[in-house]
Amino acid sequence: MALIEIEKNLDHWVKSIMGITSFQDLEKTKAELIGKSGVITSAFRLLKDFSGDEKKSFGERLNNIKSQIETAISLQKKKLEEYEISEKLRNETLDITLPVENSSFGGLHILTQSIRRIRNHYLARGFLVLDGPEVETDFFNFDALNIPEHHPARQSHDTFYLERFNKTLLRTHTSCVQIRTMKERGIPVRMISIGKTYRNDQLDATHSPMFHQIEGLVADRKPITIGHLKSELKKFLAFFFEVEDVAIRFRPSFFPFTEPGMEVDCRYTKKDGKLIITPEGDKWLELGGAGMVHPNVFKNCGIENEAFGFAFGFGLERLVMLKNGITDIRNLFDTDRRWLEYYGQ
């Protein structure tokens, strides 16, 4: 969209934002306008086509538009939060003198249920199921995984570093566990790591600064191919979503620790508003990343000579949300007893 059109639409966008009545619609509008693929973000990419004063003017006008949109979103978010609080106070008054309804307290959170299911599935198949320290060093989190020093993931806007502890951070993925395992045990190895990871993301409907990852690694001296990777992913996804079969595809992607690297999609359809994983689906759903282990990763783990392996990784919260029709990741960390009881066990 041209800058003139964007400026013409600004008043309309701001008025629309101030009329939004739900957090979900507000997040959707935010993504459409200033998200990674939003209208304003896409316009910023045009800066490379300008030079000198023209580039400066274009950038200033865009920044002004973005600032007005951000202000409108912030004001409307505050308004919705205040309304939500007032409604809760009005409708959810708690009488602390009421007797206890029953003697049953507590249950397993839906994330805990999923972690235990995955753990038992892989233990039954002879895999190691491991976790490692959540506070890691640069070496295990970046260096050993072939992530160069200049990589954006190493910057503080993506990673939580610990003050006064040189090159120490909260791990950004559970791939560190794979590195530690190969350094300690060598290969062959078949393992799964499930645990908490941390990234400097703003909390919204689809992002959280803390989330869980499940990552798999199979490595050996014997040849391992993409065919083995595809077979393993189909087994895992069919098990997790509790379906007989899954149709998946690979799209080329770049990860420093794999060669080749790929994004993993599966077929799905929607029925009565519910997402259904099925080989007959008419749409593709992005699930996570995978690839063949990069030779440098083996070398950094002290594994010399020829070695083969594949690795894959998924965000556990994303899988749980897809399976259960949950649209906001914040619900998974909320303390609403009704929600917890509905999904609890």
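Residues numbered from 1 in each chain as written. Predicted model: local features only at pLDDT ≥ 70, side-chain atom pairs only at ≥ 80, totals over all residues. Heavy atoms only, no water.

A. Structural context of helix α1 (residues 3-18). Here α1 contains 16 residues, and its C-alpha end-to-end distance of 22 Å stays within 8% of the 22 Å for a straight helix at 1.5 Å per residue. The largest bend in α1 comes to about 40°, at Asn9. When α1 is considered as a whole, its buried residues turn out to be Leu3, Ile6, Leu10, Trp13 and Ile17. Its buried side turned inward, α1 meets α2 (23-34), α3 (39-44) and α4 (52-91). (Helix = DSSP H or I, 4+ residues; strand = E, 2+ residues; numbered from the N terminus. Expected span 1.5 Å × (residues − 1). Bend = angle between axes of the 7 residues up to and from the residue. Buried < 20%, exposed > 50% of the residue type's maximum accessible area, 1.4 Å probe, protein only. Contact = heavy atoms within 4.5 Å.)

B. Fine view of the pairing of strand β6 (residues 248-253). Of the pairings in the sheet, the one linking β6 to strand β7 (residues 258-271) comprises six bridges and is antiparallel in character. Paired with Arg249 across the two strands is Asp265, which belongs to β7. The turn linking β6 back onto β7 is made up of four residues. (Pairing = 2+ DSSP bridges.)

C. Representation of the pattern of salt bridges within the structure. This structure, assessed with the given rule, holds 14 salt bridges. One salt bridge in this structure joins Arg171 and Asp131, with 2.9 Å as the shortest N-O distance. Highlighted residues: Arg171 in the loop between β3 (168-170) and α7 (175-185) and Asp131 in the loop between β1 (128-130) and β2 (135-137), separated in sequence by 40 residues. Given the relative accessible area of 0%, Arg171 is considered buried. With its nearest N and O atoms 2.6 Å apart, the salt bridge here joins Glu242 to Lys323. Note that Glu242 is positioned in the loop between α8 (226-241) and β6 and Lys323 in helix α10 (residues 316-324), a separation of 81 residues in sequence. For Glu242, a relative accessible area of 55% gives the class exposed. A relative accessible area of 25% places Lys323 in the partly exposed class. Where salt bridges share partners, they join Arg249, Arg251, Asp265 and Glu286 into one cluster. (Salt bridge = Lys/Arg side-chain N within 4 Å of Asp/Glu carboxyl O.)

D. Broad picture of the nonpolar core. Ranked by size, the top nonpolar core spans 42 residues in total, and within it Phe236, Phe312, Phe314 and Leu332 carry the most contacts. Top element by residues in this core is α8. It accounts for seven residues. Apart from the residues within four sequence positions on either side, Phe236 is in contact with Ile118, Tyr122, Ile214, Phe314 and Leu319. The next biggest cluster of nonpolar side chains, apart from the first, holds 22 residues, and it includes Phe140, Ile147, Phe298 and Ala307. (Core = buried A, V, L, I, M, F, W, Y, C linked by side-chain atoms within 4.5 Å.)

E. Spatial organisation of the environment of Val39. Assignment of secondary structure puts Val39 in helix α3. Residue Val39 is classed as partly exposed on the basis of its relative accessible area of 26%. With 37 residues separating them along the chain, Val39 and Ala2 place their C-alpha atoms 9.8 Å apart.

F. Representation of α4 within the structure. With 40 residues, α4 should reach 58 Å at 1.5 Å per residue; the first-to-last C-alpha distance of 58 Å fits that figure. Where α4 is buried, its residues contact α1, α2 and α3.

G. Representation of the environment of Pro260. As for its placement among the helices and strands, Pro260 is situated in strand β7. Judged by its relative accessible area of 37%, Pro260 falls in the partly exposed class. Here Pro260 is in contact with Ile226, Gly291 and Met292, once residues within four sequence places are set aside.

H. Inspection of a negative patch on the surface at higher detail. Together, Glu81, Glu82, Glu84 and Asp334 make up a region of like negative charge exposed at the surface. Its location among the elements puts Glu81 in helix α4. (Patch = residues over 30% accessible without salt bridge, like charges linked within 9 Å, V, L, I, M, F, W, Y side chains within 5 Å. Areas by Shrake-Rupley, 256 points an atom, 1.4 Å probe, with all protein chains shown as cover. Lys, Arg positive; Asp, Glu negative; His and termini not counted. Charge placed at Lys NZ, Arg CZ, Asp CG, Glu CD.)

I. Structural detail: the packing of α8 against α10. One way to put it is that α8 packs onto α10 with a least axis distance of 10 Å and a crossing angle of 50°. The orientation of α8 relative to α10 falls into the category oblique. The segment α8 lies against α10, with Phe236, Phe240 and Phe241 engaging Leu316, Leu319, Val320, Leu322 and Lys323. Its residues assigned to classes, the contact of α8 with α10 comprises seven nonpolar, no polar and one charged. (Axes fitted to C-alpha atoms, helices over the stretch in contact; angles between N-to-C directions. Parallel < 35°, antiparallel > 145°, perpendicular 65-115°, else oblique. Nonpolar A, V, L, I, M, F, W, Y, C, P; charged D, E, K, R; others polar.)

J. Geometry of the packing of aromatic side chains. Summed over all chains, the structure comprises 12 aromatic pairs. Note on Phe236 and Phe314: the rings are 5.8 Å apart at their centroids and 20° apart in plane angle, and the pair reads as stacked. Placement of Phe236 in helix α8 and of Phe314 in strand β10 (residues 308-315) is noted, with a sequence separation of 78 residues between them. Phe236 sits in the buried class, given a relative accessible area of 0%. Taking the relative accessible area as the measure of exposure, Phe314 reaches 1% and is therefore buried. Look at Phe240 and Phe241: their rings are 5.3 Å apart centre to centre, the planes differ by 85°, and that puts the pair in the edge-to-face class. Of the two residues examined, Phe240 and Phe241, each falls in the buried class. Seen from the ring of Phe240, Arg117 lies directly overhead, with NZ or CZ sitting 5.9 Å from the centre. Over the face of the ring belonging to Phe240 we find Lys323, whose NZ or CZ atom lies 5.3 Å from the ring centre. (Phe/Tyr/Trp six-rings, centres within 6.5 Å; stacked < 30°, edge-to-face > 60°. Lys NZ or Arg CZ within 6 Å of the ring centre and 35° of its normal.)

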